[in-house]
Amino acid sequence: MGVNNSQITSITGETTLSVNVTNPIFSFSPYYSQNTECYDISYEILIEVKSGISIKDQSNNGTKLSLIRKLQTNNKYLYKLSLSSIPFGNYYGQLNFTTDDYKNHTYILKVECNEYNIDNLKISIETNPYYINSGYFYYILSISGIEPGFPGGINIAEYFGFISNSLDPEFNYILQISPYFIQNLTQDIDITLLFGNNKKFSLKVKSYYANFNKQDLATGHEDKFFPSDILSTGINFTAFSYNCYPIFHSVVNTNIIRPYQLVQDISGSWFTVPIKGKKGNMTYVGVVYDKFINGNGSSIDYFNFSTNIQNQNIPKIGPTPIVKGFPSTNSITLFIVSINNTYPYQFSDFSYEYSNKIVRGWPYGFHSGNNNNYTNKISLIHIPEYSTSLNYYFGINNDVEEIKDEISKPITSTPPKLVSYGFTKVSSQNYLLRLEIESISGVQNIYTFGMDSPSIDSLVSGTINNGIFEIVVDFLEFNMIGIKDLMGSSTIVKKGDVISLEPLVTLQLPPEIDYKLINFQNNLWFLKNNISLEEDSYNIVYINSSDTPHDKPISFYLNDIISYPFEREDMGNLVAIKYPFIYNTSSGLFECKFIVPKNNMFGTIQYMVRYDNEYGFYSNELIPQLYVNDDTVLDNQGPIFSSFEKIRNGLVISTAKTETIGWNFNITDDLNGFESGYIKVMGSVDSSTYHFNFTMDDIIIGDKFNFQYQILINITQPCITQEYRIVKVLLFDTNKIASRFDLYPAYVKPASILNPFFNFLDQGLNITILSFTCSNLQTTANLKPKLLSFTVSTTTTTIPTGGIPTIDVGATNRSISFEFSIDSASTIKLDQLPIIYITSLFSGLVECFSKIVSNDANNVFYRCSTEIPLGFGFPNSLIFSLYGIVNNGGYFYGYSNDDIQDVQSANYYVNTALSLSEPVIKSTERYFSDDDNGELVIFGRGFSKVDKVDFIYSDSNLQPNSATSLSIYGSSVIKVGRIQKTKYPFHIKISTSDNFKSNLFTVKPIYFDSSIPPKSSPTIPTISPIPTNAPQKCQGNPECGGKNQGYCSSTTGCICYPPWIGTTCSSQIIIVPQPSINKTSPQVEIPTKVENNGQSSTETNNKESQKMIFKSLISLVSLRELDFNNKEVNNYIFDQWIYTPINQFKNQYFTTISNTNITATLEWFNQSTFIQFANQNLTMNPSSIKYTIEISKYQFSRSLNQLQLVMAASLTSNSNDICSLNQFGNTSTGDDSNYLKIQIENHSLYGRFIKRAIIDNTVKSISNVLLDSSLNIIDSSTSSLQSYIGITIPFYSDSIIVDPDFSVLIDSKSASDQDNSICTNKKSGLTTAQLAGIIIGSIAFAAMIVIITIYIFVKRNNQKKFRAAINKKMIEMKGL
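Residues numbered from 1 in each chain as written. Predicted model: local features only at pLDDT ≥ 70, side-chain atom pairs only at ≥ 80, totals over all residues. Heavy atoms only, no water.

Peer 1: Got a sec to walk through the state of the cysteines? Specific residues and values, please.
Peer 2: Applying the stated criterion across every chain yields a total of six disulfides. Two residues share a disulfide in this structure: C1034 and C1048, whose sulfurs sit 2.0 Å from each other. Measuring handedness by torsion sign, the sulfur bridge of C1034 and C1048 sits at about 90° and is right-handed. Remark: C1048 occurs in strand 90 (residues 1046-1049) and C1034 occurs in the loop between strand 89 (1006-1007) and strand 90; sequence separation between them is 14 residues. Look at C1034 and you get buried, because its relative accessible area is 9%. A sulfur-sulfur separation of 2.1 Å characterises the disulfide bridge that pairs C1040 with C1054. (Disulfide = S-S within 2.5 Å. Helix = DSSP H or I, 4+ residues; strand = E, 2+ residues; numbered from the N terminus. Buried < 20%, exposed > 50% of the residue type's maximum accessible area, 1.4 Å probe, protein only.)

Peer 1: Give a detailed account of the nonpolar core, specifying residues and quantitative values.
Peer 2: Nonpolar side chains in soluble globular proteins tend to be buried together. Core analysis: the biggest nonpolar cluster contains 155 residues, and Y392, F641, F665, I679, V681, F790 and F818 have the highest contact counts within it. If near-sequence neighbours (up to four positions away) are discounted, Y392 is found in contact with F335, V337, Y352, E353, Y354, I378, L380, E401, E402 and I403. (Core = buried A, V, L, I, M, F, W, Y, C linked by side-chain atoms within 4.5 Å. Contact = heavy atoms within 4.5 Å.)

Peer 1: Tell me about the sheet that holds strand 55 (residues 607-610), residues and numbers included.
Peer 2: Strand pairing in a sheet is mediated by backbone hydrogen bonds. Such pairs are either parallel or antiparallel. Taken together, the four strands give an open sheet; going across it, the order is 51-50-55-56, and neighbouring strands pair in antiparallel fashion. Two strands in the sheet have a free side with no partner beyond their single neighbour: strand 51 (578-580) and strand 56 (616-618). If you compare each strand with its neighbour and ignore which way they point, the axes differ by 25° on average. Alignment of strand 50 (residues 555-558) against strand 55, held across four bridges, turns out to be antiparallel. Each residue of the ladder has a partner; that of Y557, found in strand 55, is M608. (Pairing = 2+ DSSP bridges. Axes fitted to C-alpha atoms, helices over the stretch in contact; angles between N-to-C directions.)

Peer 1: Explain the environment of H691 to me, using residue names and the numbers behind them.
Peer 2: Here H691 shows up in strand 63 (residues 689-695). When neighbours within four sequence positions are excluded, H691 is seen to be in contact with Y678, I679 and K680. At 2.6 Å, the side chain of H691 and the side chain of Y678 are in polar contact. (Polar contact = N/O pair within 3.5 Å; in protein donor to acceptor, adjacent residues only side chain to side chain.)

Peer 1: So what about the pattern of salt bridges? Which residues, and what values?
Peer 2: Enumeration over the complete set of coordinates arrives at 27 salt bridges. As a salt-bridge pair, E675 and K736 come within 2.5 Å of each other at their nearest N and O atoms. Taken together, the residues E675 in strand 62 (residues 674-683) and K736 in the loop between strand 66 (722-733) and strand 67 (738-742) connect sequence positions 61 residues apart. Note that R863 is salt-bridged to E819, the shortest N-O span being 3.0 Å. Placement of R863 in strand 76 (residues 859-867) and of E819 in strand 72 (residues 815-823) is noted, with a sequence separation of 44 residues between them. With relative accessibility at 40%, the residue R863 sits in the partly exposed group. Look at E819 and you get partly exposed, because its relative accessible area is 38%. (Salt bridge = Lys/Arg side-chain N within 4 Å of Asp/Glu carboxyl O.)

Peer 1: Pulling in residues and values, what's your account of the sheet that holds strand 72?
Peer 2: Judged by pairing direction, the sheet is antiparallel, and its four strands sit side by side in the order 69-72-76-75 without closing on themselves. Each end of this open sheet is capped by a strand with a single partner; those strands are strand 69 (787-793) and strand 75 (851-855). Between one strand and the next, the sheet's axes are offset by a mean angle of 20°, whatever the strand orientation. Alignment of strand 72 against strand 76, held across nine bridges, turns out to be antiparallel. Note that in strand 76 the partner of E819 across the bridge is R863.

Peer 1: Lay out the packing of aromatic side chains with the relevant residues and their values.
Peer 2: For the structure on display, the rule yields 96 aromatic pairs. Ring geometry for Y927 versus F986: centroids 5.8 Å apart, planes at 80°, classification edge-to-face. One end of the pair, Y927, is in the loop between strand 80 (920-924) and strand 81 (928-929); the other, F986, is in strand 87 (residues 986-992), and 59 residues separate them in sequence. Pairing F928 with F1008 gives two aromatic rings, centres 6.0 Å apart and planes at 75°, and the pair type is edge-to-face. With F928 in strand 81 and F1008 in the loop between strand 89 and strand 90, the pair connects residues that are 80 residues apart, well separated along the chain. Taken together, Y345, F347, F350, Y352, W362, Y364, F366, Y374, F394, Y837, Y883 and F892 form an aromatic cluster joined through their ring pairs. Above the plane of the ring of F271 lies R258, whose end atom (NZ or CZ) is 4.5 Å from the centre. Just above the ring of Y1007 sits the side chain of K983; from NZ or CZ to the centre is 4.8 Å. (Phe/Tyr/Trp six-rings, centres within 6.5 Å; stacked < 30°, edge-to-face > 60°. Lys NZ or Arg CZ within 6 Å of the ring centre and 35° of its normal.)

The following block contains the structure:
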C-alpha cells in the first residue's frame, strides 16, 4: 500500500517510520450537491517502526482533525485519522508522532474537496411519474456530465423533493416529489437542481396526473363526517383520546389509485387514505385538521375547516422532587428512586431509563396510594463504574425528570478487540458470522446494522472476556460489526477496516455481496399477472441473470397498501415482509415465491427488489408491472364498532351479592371479516385491570362480518365508588389489518383513522366509561399489606454453601418460579393478581404473572412461573420486585427490591451462570410449506452435537417423523429436510449425541399453494348490441335519499351508497341469517318479524301477537316455448328435482323436461361481493341469493321460436290493515337490469334481472317481461302480493345460462304513502317506516328476508292441479 508523497509527506526527513494509508483516496466532492464542504472523511494509517523503537505518543493540529491509536502488534501500529469537514479547496493537516528515542516525526496530509462542475450536465427522464405508498411521486432519471463525480444526493430548490443516487450505472438517479404544493394537476412541474456556490440547473417534469385521461381524474366527492356535526357553527369537540381527532370519509369517483386529496395542518400535509371500494367508487379517510385540498378534474379546491377542537391533556408527574438512594447489601448496590405524584394517574405508560430504557404502565413502579395521590418507587442495579456519565430519567412523553447519579464514576476502559472473523453461507439470505473477541471488561452485546442487538447468548465457546461468538446476519441489513463491553465501551468495524496487523487482515464481505444487479428491463417476470384478489394470490417472480452469482442474496418486498401500510401506521410499527429469491439450478433462474394479500387496491401492486444493504429498485414502467384485476375490491379498514352500549351504567351496589356491569357491542368488518380482538379496562381510582381477549371461536351471535359480543366485570361488596374505563382496544381482521384505540397514542394520523369508535365520536370518551356506586362501603384504611414470604425456585438453580442461588441462563430449561404470601386477605381484591418483575442490569425486565394458590381469613398465597430469556442478565445478578396488589378500599401497593430484602429469608436476588453445551432453539427462517420434504433452517445454540430433529404436526392427518440427515453450521445453525406439507403450525425438537434435548419450538409455516390457478374471468365473445338502460331522472324527496344515501348521476340516475338501494335510494338492505336449505326443491323461506319499534327481526319469542310477520317466496315455475308472436307453443311445469349440496353457501338442483336438462344453482352471499357474469361486473349485496340457471340443448318446434323461463315471486303478511304495491322497471345503478319490487307496508321483496345471458358460449341480449296479466293465478290484496316474471331467451343451439338474484329490503317510505298502492283503509294514513325489499336480480339475493320457496311444480297436462297448489300455498301464508 504505497502512499503518494503529494498526499501525505514527511517534513522531518523520515528514516525511522514507514507510513501507509489503507484507503488512499484523497480527493472528494460533497455527498449532497448543494454543500460547500466535504464531510466525514476518515483513514486508517498503518505505521511500521524500526526494530527496538516504539511510538510513545501521537498528536495533530486543528479541531477538524483527530488521530486515535486502534491497534498495536510488536512494531506495527494502526491509527484512525478522522476529518469532520473541509471546505472547497485543499486542506493540510499536520500529524505528529513521538518515538521512545525522543524524536518527533511530522507528516503533512493533503486532502482536497472539489466543487461540482455542471457545465456539461444532461438529464434524461426515463419514466413517467409513478406513485409509491410513501406520499411522493417518483421519476427515474439518467444524469451525465457532472464533474468530477456524481453526488449521493442532489438538492432541489423546491423544498418538496429530492434526487437520490440509485447506484445503477444507467438509470442512476431517482427524483421524488411531494405533491403538496402542486398548483394545477396536469401542468408540468418546474424543478431547480442546486449545487454549491449557487450553481443551478432547471428542469421540467411531467405531473403524475398528466399520465391519465381526463375522464379518469376524480371530478366529484361525497364527504361524511364523524361526528356528523363537527363543521356546524359553535360546535366544540374534545379529542376522543390524545391526538385522536374527528375524521371524514370521502367517496370519490376515481379511476386512479391516488386522487389528489390532501389534509393539511401546521406541520404539513398528507394524502387521504384509501379504505374501501373499487375502481370508480373509492372511499378515502382523512382527519379534520386545518384544511382539505381536493382535486376536481385538473383544478384544485381548498376547504378550510372552521372547527374548535381541544386535544386531551398529557398526564404529568410530580410535582414533588424525586428521592434517590444507593443502599448496598452483600455484593449488590441498588439505585433507588422514588417520587410522590399528586397529579392524577391517567393510565399512561412511564419511561424508565438508566442503563437501558424500559417503558411500562401500571403496575410497574406503583408503590402505594391510589390514582389521585401515589408514590412511584423502583430499585435498579447500580453501576459503580461506566465509560460515560450515567443519569436516571423518569417521565411521561415529554414530561421527564432527570436524576444525577453522582456515585457512578466515568472511567476509561479498553474497547473490545475483534481478533478474527469468518462468514459461512447458511441459506439464500443468511450467513453465520463467527467472531473471536477479546475484551478486558467482558462483552455485553454484538450488533449489526438493522438487526436487534443479540445478547451474550451468542457466545459458543470460551468466556465473555476471550471467546468465540456466532451471530446470523442478513447482508441486506448489514454494514458493520459493533461490539459493546460491560463498561459501555464500543468497537465498530466496517468493511475495509483493519482488524489484525500480523498478519494484515481487513474486514471483507463475501464476493457475491458486492455484485450489483443491472438490466432488469427484460429479465424479470411473474408467473401470474392481472391477478384477482378475492383471496390471497400465490405467485412467483423470476429473474434471469446469468452473470449474477448463484448465491447472491436478493429479496423481494411488496409495497402495496395492505402488505406495507405506510399510510395507516407509524413507521415504528411497520415491518416489511421479505421474500427471498432462490436460484433454481434446473431452470437457471432466480425464483421468489410471494403472496399478495386479498382485497387489495386496484391498479398495480407496487414492489421492490433489494440486492444491497442500501439500495434496490422499485417497480416502475422500465420493468414488468404486477397488475390487479379492476374488479378487485379494497378492504383497508380494520374491524369497527357498529353499536356500543353500556350494561347497567350507574349501578348502585348496596348488597353483598355479586353485581355485573360491562359493555355490549357489535363489531363489523364487511369484506375481510373479524379475526381477533383485545380490550383492556381499568379502574379510575385503584387501577384495577381487566383484560379481554376474544376470537371468532368465542362468538355466539353473528358471523365474522357482523357479530355481537359483550365484556362483563363482576363487582362484589366491599367495594369503592369509581369508574371503569376502556383504555385500550386492538381489533384485527383476517388480513391482519388493525383498528386501534389508546388513550395516549404517539401519532395523530394513525390514532384518528384507526379508531374503531369513529361511529361514536359525538358521544366522546363517555362511551368508554362505566360508573357505579358502592353505597354500603366500609372504609378500608390505607394500610399496606405485609409481605410475609418470598421464595424463588428453578430447576437450574445451584446454591453454593452459604452462598446466593445461581441460575443457569444458558440451559435449555430456564424456568423460574416464585411463591409469596401477603396478609390482610379480608381486604385484598382477589381478582387483581400481582406481577413479579425480574430486573437485569442491561437486558430490561421479565414479567411473571401470579395466580392465587389459596387464601384464608388472614393470608393470600400466590405462585407464578415464567421462563428467563436465553442469556438474560449474564454475568450480573437478577433482582426481583413485586407490584399490583389492590385492596377493596381503592388503594394499590407494591414492593421494590429493597422492600423485599426486609422479608425474612427472602430470595431477593440471584446470580447468573451461562452454560454452553445444552441445545436451545431460538428461531427459524420463514418457512414456506409448499411440498413434502420441505427444508427448514433452525437458529439457536449448542447445535454442534445434534444428531436428530423431531417433527410433531398439529394436522391429525400427519404422523410425527424425524430427520437425521442434517447440515450443521458451527454451533448455531441447522438445515434440515423431511418436513411434510402442512398449513398448520408444527413443533420441532432436537436431540444431541450426548443425550441433551432442546426446547419444543413451534413453527408457523407460510402455506404456499402454487397449484391454485390465477383467478381470472376470461372474456366471452359478445354479440352486439347489448341493451343499456336509458338515463333516468333522479327522483326522491330529498333527491336520491339525500347526500348520505346516494347521489345523482346524469348518465344513469340515482347511485346509492351501501346499504341503500333502489331508484330513489330510499330502501335499505336487511341483514339476515342464511335461510335453511330445502332438500327437495330450490326453495327457501325466511320469516321476517317486525317488532313494536318497527325494526325487522328473524328471532322467535313469546310475543308473537305483537309482531307483524312477512314471508317471501321465490320459485322456478315453468319453461315455456313461444312462437314469434309470443304465443305459447309448449309449457313444461317443473315437478321433481334432484338435490346436491356443494358447500355451506351453495346448493344445486337438477331436473329434466322434454330431454332438456335444467340445473339451478342457488348461492347465498352473507357479505357484499363483486362477481362477473356475461362480461358484466355486478355487486352481490349481503344476505342475498343468486340463481344461476343452466338449460341444455332444447328441441325447438321452429327456428323462429324462443324460450321463456317463468319465475314467481310473492310476499305475504299476517296483517290485513296494511297497504301493498307492485313495481317493475329499469335499474339506475349502471348494471343495465330490470327490477321487480313487491312491497307490503314498509317491507319489500326485490329482484334484479339483467338483460344479458350466456347463450351458446356467447354473451347475447335477453328480455325480461312482467307476466301478471297473462298468468294472473292469484289475486293481489293488501296482505299478499305476487308476480310472474318471464326471462325470454332467443333461439339457441346448445346451452343457455341466466343469473337472477333476490334480496329483502326495508323502505323508508311505506306503501301507504305511494301512488297506485292497494290499502284496506286508504284513509288510515299509515306511518312511513323503513323500506324492506327483496331484490330479485341477476346477482345479489341480498338483505334480510330472502325467502326462496319453490312453488309446487306439476307437469304440463296438470295445469289445474298446479294452480290449485299455488293458491293453497298462498292461503297458508296468509294465515300466518
